[in-house]
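Close look at the chain arrangement
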Amino acid sequence: MLTKRIIACLDVRDGRVVKGIQFVDIVDAGDPAELAARHAAAGADEIVFLDITATHEGRSALLDSVRRTACQLFVPFTVGGGIRTADEAAAIFDAGADKVTVNSAALAHPELIGEIGAKFGAQAVIVAIDARRVPNRSAAEAEVFVSGGRKATGRSAVEWAQEAESRGAGEILLTSMDADGTRAGFDCDLTAAVSQAVQIPVIASGGAGNAQHFTQVFREGKADAALAASIFHFGIHDVRTLKEELQRDGIPVRLAC
Amino acid sequence: MIVVIDYNVGNLTSVIKALRHIGAEVAVTQNPAELAKADRIVLPGVGHFAATRFLEKRGLTSAIRAGIAAGVPFLGICVGLQWLFAGSTEAPGIPGLAVFPECCDRFTSGKKVPHVGWNSLAIRPESRLLAGIRNNSFAYFTHSYRAPVTDVTVAVTDYAEPFAAAVEQNNIMGVQFHPEKSGETGLRVLRNFLEWRPC
């Protein structure tokens, strides 16, 4: 049976993990390679490395950081954050990523999705969508924001997800800006609206606070995968504990033999 | 020397990295002459079945056929497994190697396609490629087309319908999943391939 994926996200700035994930026995939580390996060992089905470096200098160090993280990682490894061109994506694949996420640049130039897919396969292109609910409107009408959530686009998440699919995206990474950081649960209505509108897998992101939230987003939100960062710091200690709880809830998950 | 065939599709970094991690000496080539020197051949693949046209165009198909006939162990991954069959409805008119006579087809179950994620392997105990791997272990898949379950199938996976997750016939082996991305289970598959010797 195909299992629901639990994806651990590392927010990386200038080569260091800057928030969300800490382990009690690591004083400095900041090394992405070490944290990725620990998450994989604890049963994370995938690792997402999100580069939030603002400076150009920092970005050139990104490839080195990706390479080091990928080096000992034998589960799917996704890298995103600020990728604007197929050439930039190619360099990231060369450094060891299996997939990239594209966000703002894909909205500005949707042909980017197909360009990356043509060379590396559709499975390697994840379109990341940051969406915010519009007051008094349905979840399906949630609006897409770009530039780290600062700029409204006037487009609906459902419609953009469908276009991304038709342009060859392999998966959708859907972040609820309303839920993000609240640890009060995923936006299940939004996730379900997008997940049911496309054929490709949808990864839910934003709002994870406890195992129950994951169960809800898999059941009610129809999510194929769920991503979290801070939950592995606050409350639930690691992916293994989370997965054991999900299994008790009847959610199919991969538990290490 | 393990030779990994580069047919201009997808990303070979992960496959090469995993093979080197388990101690293999790896060369990457598009040159049929290099294949003649291979101890083992790996045909990776993420992408469209049509990409395998490159193999015929560059003379790699006949080099692979010769290698297999000479007993060189061959491992096809993902599209590399599908290419061992006669063809795929993904690219009608482009023949596979046809060591297995059936054809690959798209999932028709009504579930989401592609099939992406970790799914379990129902392993036939006689498999040498999957030796030492516990039944129902998980492996990472990402694909829209699949090979049918036949006599050469050594692992079956279910995605609303059963399909071949691994095939094996003497020195010819294939996996639909990505061993380079399937954690310890995947590395064990690669090790088994590396250590494969004729009976």
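Since the structure is predicted, the reported quantities are computational estimates derived from the model, not experimental observations.

Moving on: the overall build of chain A. Across its full length, chain A holds nine helices and 11 strands. Its C-alpha atoms give chain A a radius of gyration of 17 Å, near enough to 18 Å, the size a compact globule of 257 residues would have. Seen along its three principal axes, the alpha-carbon backbone of chain A occupies a region of about 45 × 40 × 35 Å. Residues classed as buried in chain A amount to 52% of the 257 residues present. Within chain A, residue pairs in contact and separated by at least 24 positions form 64% of the contacts whose partners lie at least 6 positions apart.

Time to look at the overall build of chain B. Secondary structure assignment for chain B yields six helices and 13 strands. Expressed as lengths along the three principal axes of its C-alpha atoms, the size of chain B is roughly 45 × 40 × 30 Å. For chain B, the residues scored as buried account for 52% of the 199 residues in total. Nonlocal contacts in chain B, meaning residues at least 24 apart in sequence, comprise 65% of its contacts between residues at least 6 apart.

Residue and element names in this part refer to chain B. Pairing is mixed across the open sheet formed by three strands, whose spatial order is E5-E6-E10. Two strands lie at the open edges of the sheet, namely strand E5 (87–88) and strand E10 (145–146), each paired on one side alone. Strand direction decides the pairing type here: E5 and strand E6 (residues 103–106), joined by two bridges, are parallel. Each bridged residue has a counterpart across the sheet, and for glycine 87 the counterpart in E6 is cysteine 103.

Next up on the list: the packing of helix H3 (residues 86–94) of chain A against helix H5 (residues 111–120) of chain A. Residue and element names in this part refer to chain A. Across the interface, H3 lies against H5 with an axial gap of 9 Å and an inter-helix angle of 40°. Comparing their axes, H5 and H3 come out oblique. The element H3 and its partner H5 pack so that their crossing is right-handed. Here Ala86, Ala89, Ala90 and Phe93 of H3 lie close against H5, whose contacting residues are Leu112, Glu115, Ile116, Lys119 and Phe120.

Residues and elements named next belong to chain B. Assignment of secondary structure puts valine 149 in the loop between E10 and strand E11 (153–158). A residue is classified by how many C-beta atoms lie within 10 Å of it, and valine 149, with 18 of them, is partly exposed. The contact partners of valine 149, leaving out residues within four places of it in the chain, are Val156, Pro162, Phe163 and Ala164.

What follows is about the packing of helix H6 (residues 157–166) of chain A against helix H7 (residues 188–195) of chain A. All names here are of chain A. Where H6 contacts H7, the axes come no closer than 9 Å and their chain directions differ by 35°. Note on packing geometry: the crossing formed by H6 with H7 is right-handed. Where H6 approaches H7, its residues Ala157, Val158 and Ala161 are matched on the opposing element by Leu190, Ala193 and Val194. When the residues that make up the contact of H6 with H7 are grouped by side-chain class, the tally is six nonpolar, no polar and no charged.

Residue-level contacts link 29 residues of chain B with 24 residues of chain A. Of all the secondary structure elements, the ones that give two or more residues to the side of chain B that touches chain A are helix H1 (13–21), strand E7 (115–120), strand E9 (138–143) and helix H6 (183–195) of chain B. By residue number, the principal contributor to the side of chain B that touches chain A is E7 of chain B, which donates six residues. Class assignment of the residues belonging to the side of chain B that touches chain A gives a composition of 10 nonpolar, 13 polar and six charged.

Cis geometry marks the peptide bond from valine 113 of chain B to proline 114 of chain B; its omega dihedral reads 10°. Mapped onto the elements, proline 114 of chain B comes out in the loop between E6 and E7. The residue serine 147 of chain A is not glycine, and still its phi comes out positive at about 55°. Positive phi outside glycine occurs at lysine 222 of chain A, with the angle close to 55°. Along the chain, lysine 222 of chain A turns up in the loop between helix H8 (211–219) and strand E11 (225–228). A count of 17 C-beta atoms within 10 Å places lysine 222 of chain A in the partly exposed class.

Turning our attention to the pairing of strand E8 (residues 151–156) of chain A. Where strand E7 (residues 143–146) of chain A and E8 of chain A come together, three bridges link them in antiparallel fashion. Bridge pairing in E8 of chain A links phenylalanine 145 of chain A to alanine 152 of chain A.

A residue-level look at chain B finds 100% of positions with pLDDT of 70 or above and a mean pLDDT of 95. We note a pTM of 0.95 for the whole complex and an ipTM of 0.94 for its interfaces.

Counting residues in hydrophobic clusters, the biggest one holds 150 residues, and the most contacted among them are Ile47, Val100, Val127, Ala157, Ile172, Ile203 and Ala226 of chain A. Ignoring any residue separated from it by four or fewer positions in sequence, one finds alanine 226 of chain A in contact with Ile6, Ile7, Phe186, Ile203, Ala204, Ala208, Phe214, Val217 and Phe218 of chain A.

What follows concerns the sheet that holds strand E13 (residues 172–175) of chain B. Strand pairs in the sheet, formed through backbone hydrogen bonds, run parallel or antiparallel to each other. Residue and element names in this part refer to chain B. The strand order across the open sheet built from eight strands is E2-E1-E3-E4-E13-E12-E11-E8, with neighbouring strands paired in mixed fashion. A single partner strand is all that each edge strand has here, and the edge strands are strand E2 (26–29) and strand E8 (122–123). Sheet analysis places E8 next to E11, joined by two bridges and oriented antiparallel. Paired with alanine 122 across the bridge in E11 is valine 156. Where H1 meets the sheet, its contacts fall on strand E1 (2–5), E2, strand E3 (40–43) and strand E4 (74–77), and the angle it forms with E2 comes to roughly 160°.

Because an α-helix packs 3.6 residues into every turn, residues spaced three or four apart end up facing the same way. Residue and element names in this part refer to chain A. All buried positions along H5 are accounted for by Leu112, Ile113, Ile116, Gly117 and Phe120. In a view along the axis of H5, the buried residues occupy a sector of 130°, so they form one face of it. Each element contacted by the buried residues of H5 is listed here: H3, strand E5 (99–102), helix H4 (104–108), strand E6 (125–132) and H6. Glycine 121 sits one or two positions beyond H5 and adopts a positive phi of about 95°.

About the thresholds
Residues numbered from 1 in each chain as written. Chains lettered and ligands numbered in written order. Predicted model: local features only at pLDDT ≥ 70, side-chain atom pairs only at ≥ 80, totals over all residues. Helix = DSSP H or I, 4+ residues; strand = E, 2+ residues; numbered from the N terminus. Rg over C-alpha atoms; globule rule 2.2 N^0.38 Å. Buried ≥ 20, exposed ≤ 12 C-beta atoms within 10 Å, placed from the backbone. Contact = placed C-beta atoms within 7 Å. Pairing = 2+ DSSP bridges. Axes fitted to C-alpha atoms, helices over the stretch in contact; angles between N-to-C directions. Parallel < 35°, antiparallel > 145°, perpendicular 65-115°, else oblique. Left-handed = near helix turned anticlockwise from the far one by under 90°. Nonpolar A, V, L, I, M, F, W, Y, C, P; charged D, E, K, R; others polar. pLDDT = per-residue confidence, 0-100. Core = buried A, V, L, I, M, F, W, Y, C linked by C-beta atoms within 7 Å. Arc of directions from axis to C-beta.

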